[in-house]
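# Structural description and commentary
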Amino acid sequence: MAKLSHLLQSPRALIIFEAAARLRSFTRAGEELHMQQPSVSAAIKQLEAGLGVQLFLRGHRQVDLTAAGMRLYTDVSKALHDMETSISAVRQMGHQSHVTLSTSSAFSYYWMMPRLHLLRARHPDIDLRLQNSDREPEACRRKPQSWHTSG
């Protein structure tokens with residue numbers, strides 16, 4: 001990986017390259033990446049200069065990959081896809097907590113269920129799990145402790 005920082009001035013250039021290669025257009029790549037077409041073109045020229053090889057054959061309103069461009073696109077698109085998958089998985093790891101609401105069946109049916117859609121609409125990121133039971137929880141069935149005060 002240390003070599004990569006010496007081979008490329010900017011890893012962002014690979015994201016720009018991938019979009020331009022996939023869409024076969026610097027303009028459409030700019031639209032997808034919220035950039036202007038001249039910025040896409042400049043990033044590609046900089047990448048080509050850094051690699052010392054032409055990646056695109058530029059035509060009117062379309063670009064085509066050279067053999068070197070096709071080789072780079074194949075590897076870069078797979079690597080970016082793998083990174084996107086990994087990042088999504090890591091993000092999910094941070095959101096795997098959930099809330100469990102234990103209620104009686106009657107409360108759940110008559111009060112919670114009619115309002116559940118409101119909760120989901122306001123807080124779609126909450127992973128709510130409902131647990132229904134008509135039995136009392138263990139803590140409520142224990143004998144009350146006697147409290148003694150000294151006086």
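All figures in this text were calculated on a predicted structure; none of them were measured in a lab. (Residues numbered from 1 in each chain as written. Predicted model: local features only at pLDDT ≥ 70, side-chain atom pairs only at ≥ 80, totals over all residues. Heavy atoms only, no water.)

### Focus on the layout of surface pockets
Roughly 270 Å³ of internal volume is contained in the largest pocket. At the level of elements, helix H2 (12–23) and helix H5 (67–94) are the ones that each hand at least two residues to the lining of the largest pocket. Residue classes in the lining of the largest pocket are distributed as 9 nonpolar, no polar and 2 charged. (1 Å grid on protein atoms, 1.4 Å probe; cavity = no way out; pocket = protein on both sides within 12 Å on 5 of 7 lines; lining within 4 Å. Points joined across faces, edges and corners; volume = space filled by probe spheres on them. Helix = DSSP H or I, 4+ residues; strand = E, 2+ residues; numbered from the N terminus. Nonpolar A, V, L, I, M, F, W, Y, C, P; charged D, E, K, R; others polar.)

### Topic: the nonpolar core
Grouped together as the largest cluster of nonpolar side chains are 23 residues, with contacts concentrated most on Ile-16, Phe-17, Phe-26, Val-40, Ile-44, Leu-47 and Phe-56. Breaking this core down by element, the ones donating at least two residues are H2, helix H3 (26–33), helix H4 (37–51), strand S2 (62–65) and H5. Beyond its immediate chain neighbours, meaning those up to four positions away, Phe-17 contacts Ile-44, Leu-47, Leu-55, Phe-56, Leu-65, Gly-69, Leu-72 and Tyr-73. (Core = buried A, V, L, I, M, F, W, Y, C linked by side-chain atoms within 4.5 Å. Buried < 20%, exposed > 50% of the residue type's maximum accessible area, 1.4 Å probe, protein only. Contact = heavy atoms within 4.5 Å.)

### Observations regarding unusual backbone geometry
Positive phi values are uncommon outside glycine, yet His-34 reaches one of about 60°. With respect to the element layout, His-34 can be found in the loop between H3 and H4. Unusually for a residue other than glycine, Arg-61 sits at a positive phi of about 60°. Note on placement: Arg-61 falls in the loop between strand S1 (56–59) and S2. The exposure class of Arg-61 is exposed, given its relative accessible area of 74%.

### Topic: the packing of aromatic side chains
Centre-to-centre distance and the angle between the planes together describe a pair of aromatic rings. Applying the stated criterion to the full structure yields 4 aromatic pairs. Where Phe-107 meets Trp-111, the ring centres are 5.2 Å apart and the plane angle is 20°; that geometry is what we call stacked. Within this pair, Phe-107 and its partner Trp-111 are both found in helix H6 (residues 105–122), separated by 4 residues, close to a single helical turn. Classification of Phe-107 by relative accessible area gives partly exposed; the value is 35%. The exposure class of Trp-111 is partly exposed, given its relative accessible area of 40%. Among the aromatic residues, ring-to-ring pairing joins Phe-17, Phe-26 and Phe-56 into one connected group. (Phe/Tyr/Trp six-rings, centres within 6.5 Å; stacked < 30°, edge-to-face > 60°.)

### Let's talk about H4
Taking 1.5 Å as the rise per residue, H4 with 15 residues should run 21 Å; its terminal C-alpha atoms sit 21 Å apart, in good agreement. Taken residue by residue, H4 has Val-40, Ser-41, Ala-43, Ile-44, Leu-47 and Glu-48 as its buried positions. Viewed end-on, H4 has its buried residues packed into an arc of 160°, placing them on one side of the element. Among the exposed residues of H4, those oriented more than 90 degrees off its buried face are Pro-38, Ala-49 and Gly-50. Directly beyond the C-terminal end of H4, a positive phi value near 75° is found at Gly-52. (Expected span 1.5 Å × (residues − 1). Arc of directions from axis to C-beta.)

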